[in-house]
Structure formats: structure tokens, C-alpha cells
Amino acid sequence: MRRRTVGLVTACALALSSCGTPDFSFGTDAPTPLPDRPAAHVYGPPLPAGSTVEDPGQYGPREIDTDNLLGSYRPDDATPEERIPAIVERGRLVVGVDQSQNLLSYRDSVTGDLRGFEIDLAREIARDIFGDPDRVDFRFVESASRVSALDNREVDMVIRTMTVTRTRQEDVQFSTPYLATDSRLLVMYNSAIDGVDDLPGRTVCVTDGSTALEKARKHAPQSRILKTRSWADCLLALQQHHADAILSDDTILSGINAQDPYTEIVGESLASEPYAVAMPHPDSHDDSIGLTRQVNSTIERLRRDGTWWRMYNNWFAPYLATSGPPPLVYREEEPEPTDSPDNPSETAEEEQ
Amino acid sequence: MGASTGSGPLRYRRTRLRGPAVPRGSRGSRGTALVEDDGADVPEDTQDHWLDQVTSESDHDHRTMSRRMRGTFAVPVLWLRRVFSYLITTPGRLVAITVILSMAIFAAGYSMSQSSADRQSELDVLLTTTEPMSYSAHNLYTSLSLADTIATTGFVQGGVESAGTRARYHAAIDRAMMSATESSASVGFDDRPSLLLIADIERQIPIYTGLIETARTNNRVGNPVGVAYMAEASSLMREEILPAASQLFERTSSKVREQQRQLTRPQWVPLSGLFAAVLFLLIAQWALWRMTRRRLNKGFLVATALMVTAILWVGASNFTAWQAGTRGFEEASMPWDSLTASRIQAQQARTSETLALVRRQSVDDSTAFFESTTRGVTIALNDFENSEGHRPLGDGGHNQVLIDEARTALQEWESAHQRFTTAMLSGDYTEAVRLATTTTAAPGQPPTSAGSYARLDGALSRLIADARSSMRAYINDGLAATQLVAAGVMVLSILAIIAVWIGMRPRLQEYL
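Residues numbered from 1 in each chain as written. Chains lettered and ligands numbered in written order. Predicted model: local features only at pLDDT ≥ 70, side-chain atom pairs only at ≥ 80, totals over all residues. Heavy atoms only, no water.

Peer 1: What should I look at first to understand the overall build of chain B in this one?
Peer 2: Looking only at helices and strands, chain B has 14 helices and zero strands in total. The secondary structure elements of chain B, listed N-terminal to C-terminal, are α-α-α-α-α-α-α-α-α-α-α-α-α-α. Here chain B holds 512 residues, and 48% of them are scored as buried. Relative to all contacts within chain B whose residues are 6 or more apart in sequence, the contacts with residues 24 or more apart total 81%. Surface accessibility of chain B: about 24700 Å² in total, with carbon and sulfur atoms responsible for 59%. (Helix = DSSP H or I, 4+ residues; strand = E, 2+ residues; numbered from the N terminus. Buried < 20%, exposed > 50% of the residue type's maximum accessible area, 1.4 Å probe, protein only. Contact = heavy atoms within 4.5 Å. Areas by Shrake-Rupley, 256 points an atom, 1.4 Å probe, with all protein chains shown as cover.)

Now the structure itself:
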């Protein structure tokens, strides 16, 4: 009996120790099918960073209220020292601008200098205040932070493709417009798109949060809308065939057109919008109405002495035709003791 | 026919299987198919006749079967009886004990030796395949991140980047592609998730480089859209490629850790075999004493001593491997992971710092990212320093210098970033570019962002190399501990068997 037990134990020990780690997996009956080769979701480059796509008719257009606009403040006869003593004392003007809007306000990649129509305008304003066009500090402000930069008094004014709308007039105070723009389309030269009528089924590119987005929703309800972070991203999307058309103001489109000779600006004007210089509303510390009058006086001078035309031709002549500077828009004010008689006092001076 | 009733097929099938009454069987087929097939086999005279016939044949068959059984097993049974009758004699018992003992000792020794040999070869695989693969994944991850940083930096350098920057970018991309190929070669088809990750990375890299070249060309011509291409490329890298590379790195490095942990676990099962062998030896000696009235047997004593030696050897080797593998390795591999992660984070912070300059954007995002980066790097450095202190063999002095240098560089980078942010906010583009691109500090001036980042990256990279080499050293220690164990245990076991037989020989001779 004892022997048998020993034998049994031995057998167990043999069985146990001779296979180091017991392997109980038996051969699988069914042959495992070969896994599918994974396919890429999309081939080639992705959409521009941070962009989103809106399906046709996903959102209805919001009305852009460009009616019933308030006029700006008419320049008076005061000197800059009287209008804006704080800025004159500081000796420099701080202007918030864009750095990547070709032709309007951009950083020259070779010299690193800021250039463009809006930069020239800022220098002209400085010339009228200090007699020196170089006494300007440029600060970069993003599209979304234009209002907050003014509210926090980080900048004296913002010159950054800012369209005058009634809603925005609640937040900031505008000068009289310095540039009138028409919303149009930019397409590849061989795209067979001649206007918004050819857009159904195509993709339109705009920047997110711009007034162009509302126009795209309104005029191209059957098109997908690609919303990007900047207009340069729209050109990238157009070149990579992510989008078929860019809808924007013609001044911006001409800046895109300048970078790609295979694009063209087409179509009727969808809307006309004025750009104006934005300044903060006056508060207890700072009466900004004087600054507005100062800016308006510069804009009037540019119209008078032909500088406006020189600036326009310098930047936009190869791409656009214009009928001239936008009309002066001033509000009716309480009759002041010294009303200047040489300026017509209509709220809007029609000058087509 | 009868088969159509419920019980018909059942009975029929049972009887049919018994014998050769049915000439052509359709074995294997069942149910109705069987019935249909067999309809043809029923004798033709009457449909009921087959019942009697089959029953009688089955009885006859039973008789022949048992006869055949007896015929087959008669000789083995005879043998068994003889062996059994021999075994109940004393010399029979002695032989049986010796045989069983020999088998037990051999089995225990063989399994231990096999297990040790397996372990050694697996450690070898870990050292020559798995760990290098993890290193390839690390290189892939780092090179890609570095390429992005260099490409972005080159973009700020006044339109056209310098030849050196360009060469470094190409080198980084080249190293990344080589590493991707190396990783995929050593991953193997069974690790499908890793293969998919590598495939994802290899798919995106041509797109990335294409975007970078488009960006460069546009930048050369002076088109601001180059910036958009650059931003898209960088976002492709940071949102798609780098996360995949990071996942691959985590997978491979946890694989290394997992394998290492498994291979340094004590070999309990084969060890228990050795213990069992010793136990049998003791029992056998006791039985021998009962049978022969001789207390000690020299041969058995030697065998016992040999087996105990084997146990001690294996135990010591296991303990050393466990010591090196579990404690030391954990300490070496953790910094390897966290330092790699923080180096990548530093590179990305540098990229986003530069990208803010390229895109002429606000630096807020970059600043938030920068702060989390400095925290991450600080934590990783502290961890490394702590683990360094515990290392018995580490040349702490050398690494301490590197850690201090990394800390200083990090502090300088923080203050340089501060100045960079101020320059960006105040629109001082020239100063911002100088801080972001000039690596050599002007005498008497605090170091630039670029310079201190370069120093930090260099220090981190050397620390990572050090962490890797100490990690490999620990694997090597484990490997060294298993060296010779396989052969040694086998030799000891065979010697023990010989000793058992030698010890048993005089006892047996007493009966001859």
C-alpha cells in the first residue's frame, strides 16, 4: 500500500514537474480569418487645423444689421493736444492690427516688417497727431479679442477689417468708414463657378465667426460650409480641394488672389460693407470721442489730398476696381457754438 | 418498411453496429440518411427476417470478441504477473525504488533545466528584440517631435532657414522613418494594435513632409499662406502622428516591463519538482532502512546533497534575478518613461512657442502649455533624482551634474519665455525672433529661449540614454544570474541518479 502511494505521488510529481508551465490550450478548430487591411478614412492632408464643416442648411443665416447705423463724430477744429492729451503726452499711438491679412495688414516674411493698407492708415493717423508716421506701436489682436482689447484699454484703436454693424456699435465706437468692400467669391480659374448660382453641392470656405459666414448661409444654403480659423487657411483648403470657393470681402480676396495666380474673383457683389477704425466707448477715465474726431479728421484729409487713392492703388489696383473712398457718415449732433460751415451736414453723403 | 416506425431505426442501428451483418456499413452517417442507405442492405426475402439473423450473429460475435481479447492480452498479463511477483520480493522492491527515484530526479532536473534554458533564451529575446523595439519606438517618437520643432524654428529664421536647420530636419525625419521600419520589423503580426499604430504613423509622415515643403516654398516666394501650411503640418503632427507614436512607445515599453517581470518571477513549479525529488530520496532512505536495517546509505546521501545544492543554486539565481528585475528594473524603467515623456513635452512646448511667432498669434495657449511642461519636467527630474539615490551601483555623481544642468536650463528657459511673451505682446517682433532662434547668448545677456531649450533638451537626452543603459544593465544582470543554471542543474541531477544507483548496488548484490 505504501509503495503504491509513493508510486502515485511520484507519478504526480513527474507529471507536474516535467511540464514546467502546463499549457491547456488546444489547437483552435476554426482557422482564424485574416484581419481586414485597414483603410484610411481620408487620403492626403487633413482639413486645415481647427476648422469645422457645416452641412447645407444646418444653421439658418443671422441677419447682419447694417441698417440704421449710427454716424460717427464729425471732426472739430481742435488740435490733437486738445482732443487727445493723454496720447500726445505718451508720444506713441498703440494700434491693434492683424499680422496675417495679405495686402491689408501682414508681416513681410523677408524683412519682418508690418505692411498693408491698414498699416499705412495707422501711420497716417500718427502723422496727423505727432507729425511723425513712425510713432506707432502695433499690437497683434485676434479677431475674437478685438472688443476686449479695446475694453481693457490695451490698445488705443483697432484697425483690423472691422465691419461696421449696428450690433458692434453697442460695443465699440466707429470712425467714419475708410474702405468699402463688396462680398464676392474667389474660385480656381477652371472651376466653372461664376457666382453663387453655381454653388449648390459645392463647398464654400469662410472664417468662423465672420460676417461672411452669415452671408454664406444666406446665399449658399445648398452648399457645405468649411469654417476655418483664418483666411490663409481658406486658401490652403482651396489649393487642397477641400473647398471650391471662398466667400469674403473683395479686399481680403484680393490678398488671397495675390498669392495664387490660378485663382480669380468672380460673381456679383453679395453685399457692400464698410470697414472702420474701432475705438472704445468713452468712460470715466477717458473721453474717446476726441480720438474718434481725430481719426475722422485724418480720414477726411486722406480723401482730400489724394493719399487714399495712392494707398488704394498701391495695394489693390492690380486686383480690384473701386469707385473711390466710402462716403463720410456722421451723426446729427447738438448744434455746437462753432459749426464748421464748409462740411455738408447730411448723415450720409452719397458719393457712388 | 419497418424502419419507418419510431423504434425501428433505433433497434436497427444498435444491432447493426455490433457486427458485420451489414456488408457495407455507412459508418459516420446518422439519422435518416442511415436508414435510407441501409434499406438496400436488408436481405431481400422478408423484411422481418433480419432481426433474428442479426441477433444470433451478435451473440456469436461476442464470443469471438472476448476470445480475441484474451488472446491479445494474455502475454502482457503474464508479463505483468511475473513483474509483480518479482516486485514483491525484496530485490524487486529495491530495483523498483531505484527506478522510481531515478525517474523522479531526472524529471525534476530536466524540467528545471528546461525552464531555466527557456528563461535564459527569453531574457535574451528581451535584451535583443523587445527592448530594442521599445528603443526604436522611443526614437520614432522623439525624432518626429524633434522634426516638428526644427521645421517650425526654421520657419522663423527670416524667410529661408539655414542650411544647418534644414540638415537637422532631414536627419530627424530620416531617423524617424528608420525607427518606424525597425519597430514594425520587430513587432510581429500577432501584435496588431502596434502594427496599426505604426501604419498610421507611416501613412501620415509623407503628408506631413509634403505640407512642410509646400509651406517652405510659399514662404520663399513671400506668400503668407505658407504660414497656414506650416500650421496645418504642425497640427497634423501634434494631433495625429505624435499621439500614435506616444501610444506605440507606451505599448512597447510596458511590454518590456511586463516581460521582465514575468521572467524574474521565481520558478515555483520546477522548484517544487526538485523539492519533491529530495522528499522521495528521504522517503526511499527511510524505506531502505526499514527493509535492510542499515541506517545510512552513502549513495543516497550524496544524491540528497547534490539535489539540495541544485535547489540552493536555483534559489540563489532566482533571488538575484528577482532583485535585479523587480526592484532595480522598476527604478530604472520609470525614469526612462517619464523622462521621455517630459522631453517630448518640452519639445512640443518649444514648437508651440515658435508657432505662436510663426502664426503671429496670441501666446496665451503657448504659455499655458509651457507652464504644464515646466511642471512635468520638474517632476520627472525629481523622480529620477530620487530613484538615482536608491541605486546601489549607479554613478550618481555624473547624473547629478546632468540633473542640475537640466534644472538650470529649465529655469533659464522659463525666464526667457517670459521675456519672449512680453516681446510678443508689445509687438517687438525682432526681439521675439531673436529670443526664439538665436542659440548663442550675447555676452552679458541672459540666455535666449532657443539656447536654454537646446541645453535642456541635450541634458534630458543624455539622462534618457543613461536611464536606458541602466535598464539594460538590469536585464543583463537577470540574464547573468540564469547563466549556467540550466546545464548545472542537469549535471547535478545526473550525478544524483548515478549516486543513487551506486548506493543501491551493494544492497542488491546481497541478493545475487
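Peer 1: Is there a simple way to explain the environment of Ser145(A) in this structure?
Peer 2: The topology assignment puts Ser145(A) in the loop between strand 6 (136-140) and helix 5 (146-151). Residues Ser145(A) and Gln169(A) lie 24 residues apart in sequence; the distance between their C-alpha atoms is 16 Å.

Peer 1: For this particular structure, what's the right way to read the confidence of the model for chain A?
Peer 2: As a note on interpretation, predicted positions should not be read in detail where pLDDT is low. Residues and elements named next belong to chain A. Looking at chain A, pLDDT values average 82 and 83% of them are 70 or higher. Predicted confidence is poor over residues 1-28, with pLDDT under 50, and the contacts of this stretch with residues over four places away or in other chains come to 21 contacts. pLDDT under 50 marks residues 338-352. Its contacts with residues more than four places away, or in other chains, come to 18 contacts. (pLDDT = per-residue confidence, 0-100.)

Peer 1: Could you clarify how one ought to interpret the packing of helix 4 (residues 90-156) of chain B against helix 14 (residues 485-509) of chain B in this entry?
Peer 2: Describing two packed helices takes the angle between their axes plus the distance from one axis to the other. Residues and elements named next belong to chain B. Put simply, helix 4 and helix 14 touch, their axes get as near as 8 Å, and they point 175 degrees apart. With respect to helix 14, the axis of helix 4 lies roughly antiparallel. In the contact of helix 4 with helix 14, the residues fall into 21 nonpolar, six polar and one charged. (Axes fitted to C-alpha atoms, helices over the stretch in contact; angles between N-to-C directions. Parallel < 35°, antiparallel > 145°, perpendicular 65-115°, else oblique. Nonpolar A, V, L, I, M, F, W, Y, C, P; charged D, E, K, R; others polar.)

Peer 1: What is the right way to look at the sheet that holds strand 5 (residues 114-115) of chain A in this model?
Peer 2: The pairing of strands in a sheet happens through backbone hydrogen bonds and is either parallel or antiparallel. Residue and element names in this part refer to chain A. Spatially, 3-4-5 is the arrangement adopted by the three strands of the open sheet, whose pairing is antiparallel. Of all strands in the sheet, those with a lone pairing partner are strand 3 (100-101) and strand 5, marking the two edges. Pairing between strand 4 (residues 105-107) and strand 5: two bridges, direction antiparallel. When the bridges of strand 5 are listed, Arg107 appears paired with Leu114. (Pairing = 2+ DSSP bridges.)

Peer 1: It is not clear to me how the environment of Gln222(A) should be interpreted in this structure. Could you clarify?
Peer 2: Turning to its location among the elements, Gln222(A) is positioned in the loop between helix 7 (211-219) and strand 11 (224-228). In contact with Gln222(A), not counting residues within four places along its chain, are Pro56(A), Pro200(A) and Gly201(A).

Peer 1: Explain the pattern of salt bridges here, please?
Peer 2: Working definition: two side chains of opposite charge can pair if their charged atoms are close together. Within this structure, the stated rule accounts for 37 salt bridges over all chains. Between Lys215(A) and Asp249(A) there is a salt bridge, and its shortest N-O distance comes to 3.7 Å. In this pair, Lys215(A) sits in helix 7 while Asp249(A) sits in strand 12 (residues 245-249), placing the two residues 34 residues apart along the sequence. Arg462(B) serves as the salt-bridge partner of Glu405(B), at 3.8 Å between the closest nitrogen and oxygen. (Salt bridge = Lys/Arg side-chain N within 4 Å of Asp/Glu carboxyl O.)

Peer 1: Sorry if this is basic, but what is going on with the packing of aromatic side chains here?
Peer 2: Any aromatic ring pair is given by two values, namely how distant the centres are and how the planes are angled relative to each other. This model, assessed by the stated rule, comprises 16 aromatic pairs over all chains. An angle of 80 degrees between the planes, with centres 4.8 Å apart, marks the rings of Phe370(B) and Trp413(B) as edge-to-face. One end of the pair, Phe370(B), is in helix 10 (residues 364-390); the other, Trp413(B), is in helix 11 (residues 396-425), with 43 residues separating them in the sequence. The structure contains a cluster of three or more aromatic residues connected by ring pairs, namely Phe117(A), Tyr178(A), Tyr275(A), Trp308(A), Trp309(A), Tyr312(A) and Phe316(A). (Phe/Tyr/Trp six-rings, centres within 6.5 Å; stacked < 30°, edge-to-face > 60°.)

Peer 1: Can you help me understand the state of the cysteines in this one?
Peer 2: Each disulfide consists of one covalent bond between the sulfur atoms belonging to two cysteines. Residue and element names in this part refer to chain A. Applying the stated criterion across every chain yields a total of one disulfide over all chains. Put simply, Cys205 and Cys234 are joined by a disulfide, and their sulfur atoms are 2.0 Å apart. Across the S-S bond linking Cys205 and Cys234, the dihedral sits near -85 degrees, which makes this disulfide left-handed. Residue Cys205 is found in strand 10 (residues 203-207), and its partner Cys234 is found in helix 8 (residues 231-239); the two are separated by 29 residues along the sequence. Neither Cys205 nor Cys234 differs from the other in exposure class; each is buried. (Disulfide = S-S within 2.5 Å.)

Peer 1: Looking at this model, I keep getting lost on the nonpolar core. Mind explaining?
Peer 2: Generally speaking, nonpolar side chains in soluble globular proteins are found buried as a group. Judged by nonpolar contacts, the single largest core of 156 residues is most densely connected at Phe117(A), Met157(A), Leu144(B) and Tyr208(B). If you tally residues by element for this core, the top one is helix 7 (residues 225-263) of chain B, at 16 residues. Within the second largest apolar cluster, 32 residues are counted, among which are Phe280(B), Phe300(B), Ala310(B) and Leu508(B). (Core = buried A, V, L, I, M, F, W, Y, C linked by side-chain atoms within 4.5 Å.)

Peer 1: Help me out: how do you make sense of the pairing of strand 12 of chain A in this one?
Peer 2: A regular strand carries its side chains on alternate faces of the sheet. Residue and element names in this part refer to chain A. Burial runs high along strand 12: five of the five residues are buried. Across five bridges, strand 9 (residues 179-188) lies against strand 12 in antiparallel orientation. Pairing of Arg184 across the sheet is with Ser248, part of strand 12. Here strand 10 runs beside strand 12; their pairing, made up of two bridges, is parallel. Bridge assignment links Cys205 to a residue of strand 12, and that residue is Ile246.

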